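# Per-entry structural report
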Amino acid sequence: MAKLIINNENKKSKIAPEIYGHFSEHLGRCIYEGLFVGENSDIPNVNGMRTDVVEALKEMKIPVLRWPGGCFADEYHWMDGIGPKEKRKKMINTHWGGVVEDNSFGTHEFFELTKQLGCKTYINANLGSGSVREMSEWVEYMTFNGVSPMADLRKENGHEEPWTVDYLGVGNENWGCGGNMRPVYYADEYRRYQTYVRNYDGNKPISKICCGPNGDDYHWTKNVLETCFDHTPEWQHGFMDGLSLHYYTIPTKDWGHKGSATEFTEDLFYQTLKGSYFMEELITRHGAIMDQFDPQKKIGLIVDEWGIWADVEPGTNPGFLYQQSTMRDALVAGMNLNIFNKHSDRVRMACIAQLINVLQSVILTDGEKMIKTPTYYVFKMFRHHQGATLLGSELVGNSNVGTEKNEVPKIFESVSEDEQGVVTVTLTNNSLEAAEDVDIMFTNSEKAYKVSEAVVLSGKMDAHNTFENPEVVKEAEFKDYESTDGGLKVKVPACSVLTLRLA
Ligand code: AHR
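Residues numbered from 1 in each chain as written. Predicted model: local features only at pLDDT ≥ 70, side-chain atom pairs only at ≥ 80, totals over all residues. Heavy atoms only, no water.

### With respect to the sheet that holds strand 16 (residues 389-396)
Taken in spatial order, the ten strands of this open sheet run 23-22-26-20-19-16-1-21-25-24, and their pairing is mixed. Every interior strand has two partners, whereas the edge strands, strand 23 (476-477) and strand 24 (481-484), have only one. (Pairing = 2+ DSSP bridges. Helix = DSSP H or I, 4+ residues; strand = E, 2+ residues; numbered from the N terminus.)

### As for the packing of aromatic side chains
Evaluation of the coordinates by the stated rule reveals 30 aromatic pairs. Chaining the aromatic ring pairs together yields one cluster made of Tyr32, Phe36, Trp67, Phe72, Tyr76, Trp78, Phe105, Phe110, Phe111, Trp138, Tyr141 and Trp163. One cation-aromatic arrangement involves arginine 29 over tyrosine 322; the distance from NZ or CZ to the ring centre is 5.1 Å. (Phe/Tyr/Trp six-rings, centres within 6.5 Å; stacked < 30°, edge-to-face > 60°. Lys NZ or Arg CZ within 6 Å of the ring centre and 35° of its normal.)

### A look at the environment of histidine 246
Looking at where histidine 246 falls in the secondary structure, it is placed in strand 11 (residues 242-249). Judged by relative accessible area, which is 3%, histidine 246 ranks as buried. Between the alpha carbons of histidine 246 and proline 68 there is a distance of 16 Å; along the sequence they are 178 residues apart. If sequence neighbours within four positions are ignored, histidine 246 has contacts with Arg66, Asn172, Glu173, Trp175, Pro213, Asn214, Gly215, Asp304 and Glu305. (Buried < 20%, exposed > 50% of the residue type's maximum accessible area, 1.4 Å probe, protein only. Contact = heavy atoms within 4.5 Å.)

### Digging into the pattern of salt bridges
With the rule as written, the count across this model stands at 26 salt bridges. Linking glutamate 18 and lysine 120 is a salt bridge whose minimum nitrogen-to-oxygen distance equals 2.9 Å. Separated by 102 residues along the polypeptide, glutamate 18 in the loop between strand 1 (2-14) and strand 2 (21-23) and lysine 120 in strand 8 (residues 120-125) bring together distant segments of the chain. Taking the shortest distance from any N to any O, the salt bridge between lysine 410 and glutamate 436 comes out at 2.6 Å. Of this pair, lysine 410 sits in the loop between strand 18 (407-409) and strand 19 (411-417) while glutamate 436 sits in strand 21 (residues 436-442); the two residues are 26 residues apart in sequence, bridging distant segments of the chain. What makes glutamate 436 buried here is its relative accessible area of 6%. One continuous salt-bridge network, built from bridges that share partners, spans Glu59, Lys372, Lys380 and Glu475. (Salt bridge = Lys/Arg side-chain N within 4 Å of Asp/Glu carboxyl O.)

### Quick look at the state of the cysteines
Taken as a whole and judged by the stated rule, the model has one disulfide. Disulfide pairing is shown between cysteine 71 and cysteine 177; the S-S distance is 2.2 Å. Disulfide cysteine 71-cysteine 177: the torsion about the S-S bond is -90°, which places it as left-handed. Residue cysteine 71 is located in the loop between strand 5 (64-67) and strand 6 (91-92), and its partner cysteine 177 is located in the loop between strand 9 (167-170) and helix 5 (183-195); the two are separated by 106 residues in the primary sequence. For cysteine 177, a relative accessible area of 29% corresponds to the partly exposed category. For the unlinked cysteine cysteine 211, the closest cysteine sulfur is that of cysteine 210, found at 6.7 Å. (Disulfide = S-S within 2.5 Å.)

### Focus: the site of the ligand
The immediate surroundings of the ligand are formed by 13 residues, with Glu25, Cys71, Glu173, Tyr248 and Glu305 found nearest. Taking glutamate 25, its side chain carries an N or O atom lying 2.7 Å from an oxygen atom of the ligand. One nitrogen or oxygen atom from the side chain of glutamate 305 is found 2.8 Å from an oxygen atom belonging to the ligand. Protein coverage of the free-state accessible area of the ligand, which is 280 Å², stands at 94%. Among the residues forming the shell around the ligand, the class breakdown is seven nonpolar, three polar and three charged. (Near = heavy atom within 4 Å. Polar contact = N/O pair within 3.5 Å; in protein donor to acceptor, adjacent residues only side chain to side chain. Areas by Shrake-Rupley, 256 points an atom, 1.4 Å probe, with all protein chains shown as cover. Nonpolar A, V, L, I, M, F, W, Y, C, P; charged D, E, K, R; others polar.)

### A word on the nonpolar core
Grouped together as the largest cluster of nonpolar side chains are 131 residues, with contacts concentrated most on Leu57, Leu168, Tyr186, Trp306 and Phe340. Sort the elements by how many residues they give to this core and helix 7 (residues 266-293) lands first, with ten residues. Each of domain 1 (2-8 + 391-502) and domain 2 (9-390) accounts for three or more of the residues forming this core. When residues no more than four places from it in sequence are discounted, the contact partners of leucine 57 are Leu35, Ile62, Leu117, Leu355, Val362 and Ile363. Listed in part, the 23 residues of the second largest apolar core include Val415, Val438, Val492 and Leu498. (Core = buried A, V, L, I, M, F, W, Y, C linked by side-chain atoms within 4.5 Å. Domains from an automatic or database assignment.)

### As for the domain arrangement of the protein chain
The parts lose accessible area when they come together, and the size of an interface is often stated as this lost area. Partitioning the protein chain into domains gives domain 1 (2-8 + 391-502) and domain 2 (9-390). Taking only C-alpha atoms into account, the centre of domain 1 sits 29 Å from that of domain 2. Listed as interface residues are 55 residues of domain 1 and, on the opposing side, 49 residues of domain 2. Note on domain 1 versus domain 2: buried area summed over both sides is about 4300 Å², and carbon and sulfur give 62% of it. (Buried area = accessible area lost by both parts, 1.4 Å probe.)

Given below as structure tokens:
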């Protein structure tokens, strides 16, 4: 039995809705087929965007979408993706599958999609193979509301009003596919590029994101920040709003043979969870370096690529990164989202990779069919945390579970309170064998909380939805709880994710 002590008087940081963000790249069937089928498709769509997918993502409350990459971003030339479709340039997507990219999904289509989704926009610009001019003209094209060459071009292409760019990434993985740069070199480039990200609308400033580390590359973080903060007077605050972090969980830890998404042993299950739990250490240690330069935490840590990266499904294009998602993915998602919530004083956005048909997706499609993955349900169950205030919480008596080499804490949790005073508790039970009784209590028990909603997602570790059996794993009403004096006792099933709403 574990005790979850909620300090309902200790109101901590606001949980940025963007922590529940997503990433869409021109990779495999994420954009094409997954999101965009074109106006002439037989698949129901609005202006080319799949209606079933848009509806599901709205229901999940998608807060922000990152586009167009990934590695693709540093080879993307935005002008190829505007104007009449028949005239748009075709190119080979050299990073992903060597297929023809016809640029039929470009800037206008991205903003149409985010309008339909009602979410914020995160554009990742090209620093690796682009130019300062190309990037600054893209910003002008998207956001300038006056007379200018780029604003006029946008109008000629049918969009009178400027759009809102909420976030702009200045390059992607510039330590790797984005140019193989060293940190000091990249940081100098960042300083130059970001200078020309103009805020044309003072009321809607663009948040600028600097390329941060690959996993535990603390050297990168330190050197990039040192260079960026060198000779940067205080008045220039705003030169950096976020620093990205990319970290993928490879089930086997071997990039050459990552392991199947659906067939794995118990040991690999726990190894994957343990690998994913490394996120806690990464945030703490990169956060400590950021604290040296930015003690007031003005700059957010932006975990804009995370999730399980397994081998592709047998028989699919290796460059398309198409993988299934099981209950193991659900636990990884729940664990990470709980970790992000608990670090929401520094983590201001996170984008799981990737939205549809690529890596740890929330949705898979096959022609006109669409299924929701276990990861989808976790995002939906956790959506109440978006914009809420993190409450102090502590687990007492939490044991470890796993195999000899691969142990993880049994329960992960986070707790928040929304503006209406409704408390959301999210828990994962990582044990494959045993349920856990959790005694939930509040330090201030004057308010008698009652359960207003309780939802659980559970199943065997490898349970997953298929196009033939789309509802093997889905959220269900949870009833295994009872009121106690000033709190609640719940039995969290083995291998499960649980959301409780207490009003
Ligand atoms: O998400 C797939 C790829 O992983 C992205 O393009 C890149 O940024 C990362 O290496």
